[in-house]
Amino acid sequence: MGLGTGDAAGAGSGNGKGGRLRKVLVVAAAVAAVAVVPSAAGATPGSGVGATELAHGTSHGTLPVKPPKGDTDVVFRTITVAPGGTTGWHHHDGQLIAVVQSGALTRTLADCSVEVSRAGDSFIEPAGAHRVHTGRNLGTVPVVLYVTYLLPKGAPLSVDEPAPACASGKAG
């Protein structure tokens, strides 16, 4: 079966030219598809580039990341909380994505529920003044966090807040 003979491709169409055109288009699409497939294998290797993994954490569930609308300041920080240390009650105007590199961070949230994140864990701190929280190191080794802040442009990294009513008489 040769290209342009009009046999199988044009069968039943009543038009040899239409059949040939279809056949040409199918062959062209196949050639284009084959040309694209090996492109990844032909990629050039990088050189002169190095990388250091600072921390690796696993989320226990989905990470509902919601960057602010409009311009966003992205800040990446290392935070160390000494044994017995606390962040104090505060909130963030944008979300944070955190990875615990070492130690265990005990966070008390606005409803006074407690979450403990250990080395190798990652978590989100949601945005908003109604999301006050505090972080404490109740362990004997420093807590080291790698934190990415997604803040509205110009917003502070955190805003100090009083403890919520449910926290009266609790450490934090």
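Details of the structure are given in the entry above.
This one's a predicted model, so the numbers in the text were calculated from it and none came from an experiment.

Quick notes on the side chain of Thr 134
On the secondary structure map, Thr 134 appears in strand 7 (residues 133-136). Accessibility expressed as a relative area gives 0% for Thr 134, which makes it buried. Within polar-contact distance, the side chain of Thr 134 engages the side chain of Thr 86 at 3.2 Å.

A few points about the packing of aromatic side chains
Scanning the model with the defined rule gives one aromatic pair in all. Of note, Arg 107 hangs over the ring of Phe 123, and the distance from its end group to the ring centre comes to 3.8 Å.

Notes on the nonpolar core
Val 81, Leu 96, Ala 98, Val 100, Leu 105, Phe 123, Val 143, Leu 145, Val 147, Tyr 149 and Leu 151 form the largest nonpolar core, which has eleven residues in total. Where this core is concerned, the elements lending two or more residues are strand 3 (95-102) and strand 8 (143-152). Broken down by element, this core gets its largest block of residues, five residues, from strand 8.

Some details on the state of the cysteines
Taken as a whole, this structure holds one disulfide when the rule is applied. The side chain of Cys 112 participates in a disulfide bridge whose partner is Cys 166; the two sulfur atoms lie 2.0 Å from each other. Between Cys 112 and Cys 166, the S-S dihedral sits near 90 degrees, and the bridge is therefore right-handed. A residue pair is termed long-range when its members are at least 10 positions apart, and Cys 112 in the loop between strand 4 (104-109) and strand 5 (114-118) and Cys 166 in the segment after strand 9 (159-160) qualify at 54 residues.

What counts as what
- Residues numbered from 1 in each chain as written.
- Predicted model: local features only at pLDDT ≥ 70, side-chain atom pairs only at ≥ 80, totals over all residues.
- Heavy atoms only, no water.
- Helix = DSSP H or I, 4+ residues; strand = E, 2+ residues; numbered from the N terminus.
- Buried < 20%, exposed > 50% of the residue type's maximum accessible area, 1.4 Å probe, protein only.
- Polar contact = N/O pair within 3.5 Å; in protein donor to acceptor, adjacent residues only side chain to side chain.
- Phe/Tyr/Trp six-rings, centres within 6.5 Å; stacked < 30°, edge-to-face > 60°.
- Lys NZ or Arg CZ within 6 Å of the ring centre and 35° of its normal.
- Core = buried A, V, L, I, M, F, W, Y, C linked by side-chain atoms within 4.5 Å.
- Disulfide = S-S within 2.5 Å.

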